[in-house]
Amino acid sequence: MRKIAIFTGTRAEYGLLYWIIKGIAESEQVELQLYVGGMHLSPEFGKTVQQIENDGFPIAERLEFLLSSDTAVGITKSMGLALISAADAFERTKPDLLVVLGDRFESMAICQAAMVAQIPIAHIHGGETTEGLIDEAVRHSITKMSHLHFTATEEYRQRVIQLGEQPDKVYNVGAPGIDSIKRLNLLSLNALSDSIDFDIVSSPYMVVTYHPVTLSKDGAVTALKNLLSSLRDYPKHKFIITYPNADTHGRVLIELLDEFKKEFPDRVLLVQSLGQLRYLSALQYCDLVIGNSSSGLIEVPTFKVPTVNIGNRQKGRIAGDTVIHCKGDENSILSSIQLALSAEFKQQCDLTNNPYGSGEASDRILDVILNVELENLIYKKFYDIK
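Participant: Quick question: what am I supposed to make of the overall build of the protein chain here?
Facilitator: Scanning the protein chain for helices and strands turns up 15 helices and 13 strands. Over its C-alpha trace the protein chain gives a radius of gyration of 20 Å, about what one expects of a compact globule, namely 21 Å for 386 residues. If you line up the protein chain on its principal axes, its C-alpha atoms span 60 × 45 × 40 Å. Taking all 386 residues of the protein chain together, 59% fall into the buried category. Across the protein chain, every contact between residues at least 6 apart in sequence was considered, and the portion connecting residues at least 24 apart equals 70%. Within the structure as shown, the protein chain displays about 15,800 Å² of accessible surface, and the carbon and sulfur contribution to it stands at 49%. Across the protein chain, 37 positive and 48 negative side-chain charges occur, with their mean positions spaced 2 Å apart.

Participant: So what exactly am I meant to see when it comes to helix 10 (residues 250-263) here?
Facilitator: Every α-helical turn comprises 3.6 residues, leaving residues that sit three or four positions apart pointing alike. End to end, helix 10 covers 20 Å across 14 residues, agreeing with the expected 20 Å (1.5 Å per residue, within 8%). Among all positions in helix 10, only Gly-250, Arg-251, Leu-253, Ile-254, Leu-256, Leu-257 and Phe-260 are buried. In the core, the buried residues of helix 10 are packed alongside helix 9 (221-231), strand 9 (238-242) and strand 10 (268-271).

Participant: In this structure, what is going on with the environment of Val-100? I would like to understand it.
Facilitator: Turning to its location among the elements, Val-100 is positioned in strand 4 (residues 97-101). Residue Val-100 is classed as buried on the basis of its relative accessible area of 0%. Along the sequence, Val-100 and Cys-349 sit 249 residues apart, while their C-alpha atoms lie 32 Å from each other.

Conventions used here
- Residues numbered from 1 in each chain as written.
- Predicted model: local features only at pLDDT ≥ 70, side-chain atom pairs only at ≥ 80, totals over all residues.
- Heavy atoms only, no water.
- Helix = DSSP H or I, 4+ residues; strand = E, 2+ residues; numbered from the N terminus.
- Rg over C-alpha atoms; globule rule 2.2 N^0.38 Å.
- Buried < 20%, exposed > 50% of the residue type's maximum accessible area, 1.4 Å probe, protein only.
- Contact = heavy atoms within 4.5 Å.
- Areas by Shrake-Rupley, 256 points an atom, 1.4 Å probe, with all protein chains shown as cover.
- Lys, Arg positive; Asp, Glu negative; His and termini not counted.
- Charge placed at Lys NZ, Arg CZ, Asp CG, Glu CD.
- Expected span 1.5 Å × (residues − 1).

Right, here's the structure in full:
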(Lines give C-alpha, C1' and ligand atoms only; values in the text may rest on other atoms or scores of the structure.)
Protein backbone atom coordinates (compact mmCIF):
# COMPACT_ATOMS: atom_id res chain seq x y z
CA MET A 1 0.00 0.00 0.00
CA ARG A 2 1.30 3.45 -0.96
CA LYS A 3 2.35 5.51 2.07
CA ILE A 4 1.72 9.25 1.76
CA ALA A 5 3.25 11.59 4.33
CA ILE A 6 1.81 15.06 4.92
CA PHE A 7 3.64 17.68 6.96
CA THR A 8 1.91 20.50 8.83
CA GLY A 9 3.57 23.01 11.13
CA THR A 10 1.04 25.86 11.51
CA ARG A 11 -2.67 26.33 12.23
CA ALA A 12 -3.36 28.02 8.88
CA GLU A 13 -1.50 25.37 6.90
CA TYR A 14 -3.47 22.58 8.59
CA GLY A 15 -6.75 24.24 7.66
CA LEU A 16 -5.69 24.38 4.02
CA LEU A 17 -4.59 20.73 4.06
CA TYR A 18 -7.62 19.42 5.98
CA TRP A 19 -9.62 17.94 3.09
CA ILE A 20 -6.53 16.39 1.54
CA ILE A 21 -5.61 14.77 4.86
CA LYS A 22 -9.20 13.58 5.26
CA GLY A 23 -9.30 12.16 1.74
CA ILE A 24 -6.10 10.19 2.25
CA ALA A 25 -7.20 8.98 5.70
CA GLU A 26 -10.45 7.66 4.25
CA SER A 27 -8.88 6.07 1.17
CA GLU A 28 -8.41 2.30 1.08
CA GLN A 29 -5.70 2.70 -1.56
CA VAL A 30 -3.10 4.45 0.61
CA GLU A 31 -1.78 4.82 4.14
CA LEU A 32 -1.71 8.28 5.75
CA GLN A 33 1.45 9.32 7.61
CA LEU A 34 0.78 12.67 9.26
CA TYR A 35 3.83 14.60 10.46
CA VAL A 36 2.96 17.38 12.94
CA GLY A 37 5.49 19.89 14.29
CA GLY A 38 6.41 23.51 14.82
CA MET A 39 3.73 25.85 16.12
CA HIS A 40 1.25 22.97 16.51
CA LEU A 41 3.22 21.62 19.47
CA SER A 42 3.84 25.00 21.14
CA PRO A 43 1.60 26.18 24.03
CA GLU A 44 2.63 29.74 23.14
CA PHE A 45 0.80 29.40 19.81
CA GLY A 46 -2.21 27.51 21.13
CA LYS A 47 -0.90 23.93 20.97
CA THR A 48 -3.09 23.34 17.94
CA VAL A 49 -2.05 19.69 17.70
CA GLN A 50 -5.10 19.19 19.94
CA GLN A 51 -7.33 20.30 17.07
CA ILE A 52 -5.75 17.67 14.83
CA GLU A 53 -6.33 15.03 17.49
CA ASN A 54 -9.93 16.18 17.94
CA ASP A 55 -10.45 15.79 14.20
CA GLY A 56 -9.54 12.12 14.62
CA PHE A 57 -6.45 11.98 12.42
CA PRO A 58 -3.69 9.61 13.61
CA ILE A 59 -0.35 11.38 14.01
CA ALA A 60 2.57 9.32 12.75
CA GLU A 61 5.35 11.66 13.90
CA ARG A 62 5.57 14.67 16.25
CA LEU A 63 8.51 16.81 15.23
CA GLU A 64 9.75 18.98 18.10
CA PHE A 65 11.99 21.68 16.68
CA LEU A 66 10.55 25.15 17.34
CA LEU A 67 12.73 27.13 19.74
CA SER A 68 11.19 29.82 21.95
CA SER A 69 13.00 32.57 20.08
CA ASP A 70 12.09 35.00 17.31
CA THR A 71 15.65 36.03 16.44
CA ALA A 72 17.35 35.14 13.18
CA VAL A 73 19.65 32.79 15.10
CA GLY A 74 16.70 31.11 16.83
CA ILE A 75 14.79 30.60 13.59
CA THR A 76 17.89 29.17 11.88
CA LYS A 77 18.47 26.74 14.75
CA SER A 78 14.82 25.66 14.51
CA MET A 79 15.38 24.92 10.83
CA GLY A 80 18.38 22.77 11.72
CA LEU A 81 16.39 20.85 14.32
CA ALA A 82 13.54 20.37 11.82
CA LEU A 83 15.99 18.91 9.31
CA ILE A 84 17.36 16.45 11.88
CA SER A 85 13.87 15.52 13.13
CA ALA A 86 12.59 14.91 9.61
CA ALA A 87 15.58 12.73 8.71
CA ASP A 88 14.87 10.47 11.68
CA ALA A 89 11.13 10.41 10.92
CA PHE A 90 11.65 9.43 7.29
CA GLU A 91 14.00 6.64 8.33
CA ARG A 92 11.35 5.26 10.68
CA THR A 93 8.27 5.60 8.45
CA LYS A 94 9.71 5.37 4.90
CA PRO A 95 6.92 7.18 3.00
CA ASP A 96 6.51 6.86 -0.76
CA LEU A 97 5.48 10.50 -1.23
CA LEU A 98 5.65 13.68 0.88
CA VAL A 99 3.00 16.41 0.58
CA VAL A 100 3.83 19.96 1.74
CA LEU A 101 2.09 23.30 1.36
CA GLY A 102 3.37 26.82 0.97
CA ASP A 103 6.51 28.62 1.94
CA ARG A 104 7.37 28.19 5.61
CA PHE A 105 11.00 27.76 6.67
CA GLU A 106 10.21 24.51 8.49
CA SER A 107 8.63 23.05 5.34
CA MET A 108 11.83 23.75 3.44
CA ALA A 109 13.83 21.84 6.06
CA ILE A 110 11.43 18.88 5.83
CA CYS A 111 11.80 18.90 2.04
CA GLN A 112 15.59 18.97 2.27
CA ALA A 113 15.50 15.79 4.34
CA ALA A 114 13.07 14.16 1.90
CA MET A 115 15.27 15.11 -1.07
CA VAL A 116 18.30 13.41 0.47
CA ALA A 117 16.18 10.37 1.38
CA GLN A 118 15.00 10.13 -2.25
CA ILE A 119 11.35 10.66 -1.33
CA PRO A 120 9.27 12.39 -4.06
CA ILE A 121 7.65 15.65 -2.97
CA ALA A 122 4.27 17.12 -3.94
CA HIS A 123 4.13 20.88 -3.37
CA ILE A 124 0.94 22.96 -3.04
CA HIS A 125 0.82 26.75 -3.61
CA GLY A 126 4.03 27.10 -5.57
CA GLY A 127 4.78 29.80 -8.12
CA GLU A 128 3.49 32.67 -5.98
CA THR A 129 5.42 35.80 -5.11
CA THR A 130 5.65 37.60 -1.76
CA GLU A 131 8.45 40.09 -2.19
CA GLY A 132 8.57 41.31 1.42
CA LEU A 133 9.44 37.92 2.92
CA ILE A 134 12.10 35.26 3.04
CA ASP A 135 9.15 33.03 2.09
CA GLU A 136 9.71 34.16 -1.51
CA ALA A 137 13.04 32.32 -1.67
CA VAL A 138 11.78 29.45 0.48
CA ARG A 139 8.79 28.80 -1.77
CA HIS A 140 10.83 28.66 -4.97
CA SER A 141 13.44 26.49 -3.25
CA ILE A 142 10.73 23.99 -2.33
CA THR A 143 9.55 24.07 -5.95
CA LYS A 144 13.00 23.03 -7.15
CA MET A 145 13.08 20.15 -4.68
CA SER A 146 9.57 18.98 -5.60
CA HIS A 147 8.32 16.60 -8.28
CA LEU A 148 4.57 17.33 -8.41
CA HIS A 149 3.24 20.88 -8.29
CA PHE A 150 -0.27 22.14 -7.51
CA THR A 151 -0.72 25.84 -8.15
CA ALA A 152 -3.61 28.15 -7.31
CA THR A 153 -3.82 30.02 -10.65
CA GLU A 154 -2.64 29.58 -14.22
CA GLU A 155 -0.19 32.47 -13.83
CA TYR A 156 1.44 30.65 -10.93
CA ARG A 157 1.53 27.44 -12.97
CA GLN A 158 3.43 29.24 -15.72
CA ARG A 159 5.91 30.59 -13.17
CA VAL A 160 6.64 27.09 -11.86
CA ILE A 161 7.26 25.97 -15.45
CA GLN A 162 9.51 29.02 -15.88
CA LEU A 163 11.56 27.65 -12.99
CA GLY A 164 12.30 24.59 -15.12
CA GLU A 165 9.59 22.16 -14.00
CA GLN A 166 8.01 19.82 -16.54
CA PRO A 167 4.56 21.14 -17.62
CA ASP A 168 2.89 17.74 -17.27
CA LYS A 169 3.86 17.70 -13.58
CA VAL A 170 2.39 21.16 -12.85
CA TYR A 171 -1.36 21.29 -12.16
CA ASN A 172 -3.50 24.43 -11.83
CA VAL A 173 -6.06 23.32 -9.23
CA GLY A 174 -7.11 26.51 -7.43
CA ALA A 175 -6.61 27.29 -3.74
CA PRO A 176 -7.49 24.54 -1.21
CA GLY A 177 -8.52 27.15 1.38
CA ILE A 178 -11.70 27.85 -0.56
CA ASP A 179 -12.79 24.20 -0.25
CA SER A 180 -13.63 24.55 3.44
CA ILE A 181 -15.75 27.63 2.77
CA LYS A 182 -17.83 25.54 0.37
CA ARG A 183 -17.89 22.32 2.42
CA LEU A 184 -18.20 23.33 6.06
CA ASN A 185 -21.46 24.29 7.75
CA LEU A 186 -20.29 27.65 9.01
CA LEU A 187 -21.59 28.95 12.31
CA SER A 188 -24.39 31.47 12.57
CA LEU A 189 -23.44 34.85 13.98
CA ASN A 190 -25.06 34.02 17.32
CA ALA A 191 -23.41 30.61 17.50
CA LEU A 192 -20.03 32.11 16.66
CA SER A 193 -20.43 34.78 19.32
CA ASP A 194 -21.27 32.11 21.91
CA SER A 195 -18.41 29.88 20.77
CA ILE A 196 -15.75 32.57 21.23
CA ASP A 197 -17.46 34.10 24.29
CA PHE A 198 -17.29 37.54 22.70
CA ASP A 199 -20.31 39.66 21.77
CA ILE A 200 -20.18 40.42 18.05
CA VAL A 201 -23.94 40.36 17.58
CA SER A 202 -24.64 43.86 18.90
CA SER A 203 -21.56 45.53 17.35
CA PRO A 204 -19.86 45.47 13.95
CA TYR A 205 -16.38 43.99 13.97
CA MET A 206 -13.17 43.64 11.97
CA VAL A 207 -10.86 40.61 11.72
CA VAL A 208 -7.18 41.48 12.14
CA THR A 209 -4.19 39.28 11.32
CA TYR A 210 -0.75 40.84 11.12
CA HIS A 211 2.40 38.77 10.64
CA PRO A 212 6.08 39.81 10.73
CA VAL A 213 7.56 41.08 7.47
CA THR A 214 10.77 39.07 7.50
CA LEU A 215 12.74 41.16 5.00
CA SER A 216 12.03 44.37 6.93
CA LYS A 217 14.69 45.43 9.45
CA ASP A 218 12.18 45.66 12.30
CA GLY A 219 9.72 43.08 10.99
CA ALA A 220 7.37 46.00 10.13
CA VAL A 221 6.64 46.59 13.82
CA THR A 222 6.07 50.27 13.07
CA ALA A 223 3.30 49.43 10.62
CA LEU A 224 1.53 47.36 13.29
CA LYS A 225 1.72 50.31 15.67
CA ASN A 226 0.15 52.47 12.96
CA LEU A 227 -2.54 49.86 12.35
CA LEU A 228 -3.48 49.71 16.03
CA SER A 229 -3.51 53.50 16.22
CA SER A 230 -5.85 53.57 13.22
CA LEU A 231 -8.24 51.09 14.82
CA ARG A 232 -8.65 53.46 17.75
CA ASP A 233 -10.51 55.77 15.34
CA TYR A 234 -13.33 53.20 15.08
CA PRO A 235 -14.86 53.13 18.58
CA LYS A 236 -18.09 51.49 17.37
CA HIS A 237 -16.24 48.43 16.08
CA LYS A 238 -14.90 45.40 17.89
CA PHE A 239 -11.81 43.51 16.77
CA ILE A 240 -11.06 39.80 16.51
CA ILE A 241 -7.27 39.55 16.36
CA THR A 242 -5.34 36.33 15.72
CA TYR A 243 -1.72 35.72 16.71
CA PRO A 244 1.13 36.28 14.25
CA ASN A 245 3.27 33.39 13.00
CA ALA A 246 6.44 32.20 14.71
CA ASP A 247 8.76 34.27 12.54
CA THR A 248 11.55 36.75 13.22
CA HIS A 249 10.18 39.63 15.37
CA GLY A 250 6.95 37.71 16.01
CA ARG A 251 7.08 38.05 19.76
CA VAL A 252 7.45 41.83 19.54
CA LEU A 253 4.18 41.91 17.61
CA ILE A 254 2.50 39.74 20.24
CA GLU A 255 3.54 42.20 22.97
CA LEU A 256 1.96 45.08 21.04
CA LEU A 257 -1.24 43.11 20.55
CA ASP A 258 -1.36 42.21 24.24
CA GLU A 259 -1.10 45.90 25.15
CA PHE A 260 -3.92 46.76 22.74
CA LYS A 261 -6.09 44.03 24.28
CA LYS A 262 -5.46 45.44 27.77
CA GLU A 263 -6.36 48.92 26.55
CA PHE A 264 -9.71 47.76 25.14
CA PRO A 265 -10.63 44.57 27.03
CA ASP A 266 -14.31 44.71 26.04
CA ARG A 267 -13.69 45.46 22.36
CA VAL A 268 -10.74 43.20 21.53
CA LEU A 269 -10.62 39.42 21.33
CA LEU A 270 -7.00 38.30 20.99
CA VAL A 271 -6.63 34.57 20.27
CA GLN A 272 -3.76 32.21 19.56
CA SER A 273 -5.96 30.29 17.14
CA LEU A 274 -9.66 30.34 16.30
CA GLY A 275 -9.59 27.02 14.50
CA GLN A 276 -10.73 26.67 10.92
CA LEU A 277 -14.51 26.63 11.50
CA ARG A 278 -14.60 29.67 13.75
CA TYR A 279 -12.09 31.61 11.68
CA LEU A 280 -14.02 31.15 8.44
CA SER A 281 -17.28 31.90 10.25
CA ALA A 282 -15.76 35.12 11.59
CA LEU A 283 -14.79 36.15 8.07
CA GLN A 284 -18.34 35.65 6.87
CA TYR A 285 -19.89 38.32 9.11
CA CYS A 286 -17.14 40.91 9.57
CA ASP A 287 -17.14 44.39 8.05
CA LEU A 288 -13.62 43.95 6.76
CA VAL A 289 -10.38 41.99 7.14
CA ILE A 290 -7.23 44.00 7.78
CA GLY A 291 -3.56 43.10 8.15
CA ASN A 292 -1.07 41.34 5.89
CA SER A 293 -2.10 37.68 5.83
CA SER A 294 -2.45 35.73 2.59
CA SER A 295 -5.93 34.76 3.75
CA GLY A 296 -7.11 38.28 3.00
CA LEU A 297 -6.21 37.77 -0.66
CA ILE A 298 -7.06 34.10 -1.11
CA GLU A 299 -10.02 33.07 1.08
CA VAL A 300 -11.73 36.31 2.09
CA PRO A 301 -12.82 37.34 -1.46
CA THR A 302 -15.11 34.30 -1.58
CA PHE A 303 -17.21 35.97 1.15
CA LYS A 304 -17.39 39.25 -0.85
CA VAL A 305 -15.79 40.95 2.17
CA PRO A 306 -13.27 43.82 1.75
CA THR A 307 -9.62 43.29 2.64
CA VAL A 308 -7.15 46.03 3.57
CA ASN A 309 -3.71 44.59 2.83
CA ILE A 310 -0.90 46.52 4.53
CA GLY A 311 2.68 46.82 3.32
CA ASN A 312 4.94 44.53 1.30
CA ARG A 313 4.31 41.13 2.88
CA GLN A 314 1.99 40.04 0.07
CA LYS A 315 3.57 42.18 -2.66
CA GLY A 316 3.43 40.36 -5.99
CA ARG A 317 0.61 37.97 -5.05
CA ILE A 318 -2.48 38.00 -7.28
CA ALA A 319 -5.36 39.91 -5.67
CA GLY A 320 -8.95 40.45 -6.76
CA ASP A 321 -10.98 43.66 -6.68
CA THR A 322 -12.07 43.11 -3.06
CA VAL A 323 -8.51 43.88 -1.90
CA ILE A 324 -7.22 47.37 -1.10
CA HIS A 325 -3.42 47.64 -0.92
CA CYS A 326 -1.94 50.35 1.27
CA LYS A 327 1.34 51.46 2.77
CA GLY A 328 2.16 51.06 6.46
CA ASP A 329 1.74 54.71 7.50
CA GLU A 330 -1.30 55.72 9.52
CA ASN A 331 -2.82 58.02 6.89
CA SER A 332 -2.74 55.27 4.24
CA ILE A 333 -4.29 52.75 6.60
CA LEU A 334 -7.05 55.13 7.72
CA SER A 335 -7.99 56.13 4.16
CA SER A 336 -8.04 52.46 3.11
CA ILE A 337 -10.34 51.49 5.97
CA GLN A 338 -12.65 54.36 5.06
CA LEU A 339 -12.76 53.17 1.45
CA ALA A 340 -13.34 49.54 2.47
CA LEU A 341 -16.32 50.50 4.65
CA SER A 342 -17.93 52.65 1.96
CA ALA A 343 -21.16 51.54 0.34
CA GLU A 344 -19.61 51.88 -3.11
CA PHE A 345 -16.75 49.51 -2.34
CA LYS A 346 -19.05 46.99 -0.67
CA GLN A 347 -21.12 47.00 -3.86
CA GLN A 348 -17.95 46.37 -5.88
CA CYS A 349 -17.11 43.41 -3.65
CA ASP A 350 -20.53 41.89 -4.27
CA LEU A 351 -19.80 41.81 -8.01
CA THR A 352 -16.30 40.34 -7.75
CA ASN A 353 -15.24 36.71 -8.28
CA ASN A 354 -12.35 35.12 -6.41
CA PRO A 355 -9.33 34.69 -8.73
CA TYR A 356 -8.27 31.61 -6.74
CA GLY A 357 -11.10 29.35 -7.83
CA SER A 358 -14.41 28.05 -6.57
CA GLY A 359 -13.53 25.23 -4.20
CA GLU A 360 -12.53 21.95 -5.88
CA ALA A 361 -8.75 22.07 -5.33
CA SER A 362 -8.46 19.30 -2.73
CA ASP A 363 -10.29 16.74 -4.87
CA ARG A 364 -8.09 17.61 -7.86
CA ILE A 365 -4.94 17.20 -5.77
CA LEU A 366 -6.15 13.92 -4.31
CA ASP A 367 -6.90 12.53 -7.75
CA VAL A 368 -3.28 13.06 -8.76
CA ILE A 369 -1.44 11.95 -5.62
CA LEU A 370 -3.56 8.83 -5.18
CA ASN A 371 -3.04 7.66 -8.75
CA VAL A 372 0.19 9.11 -10.12
CA GLU A 373 2.96 6.70 -11.05
CA LEU A 374 5.70 7.14 -8.44
CA GLU A 375 8.37 4.98 -10.02
CA ASN A 376 11.18 7.15 -11.39
CA LEU A 377 9.35 10.33 -10.26
CA ILE A 378 12.45 11.52 -8.38
CA TYR A 379 14.42 11.77 -11.64
CA LYS A 380 13.89 15.31 -12.89
CA LYS A 381 14.88 16.98 -16.12
CA PHE A 382 15.05 20.77 -16.35
CA TYR A 383 12.42 22.13 -18.74
CA ASP A 384 13.82 24.85 -20.98
CA ILE A 385 11.24 27.26 -22.39
CA LYS A 386 11.96 27.66 -26.11
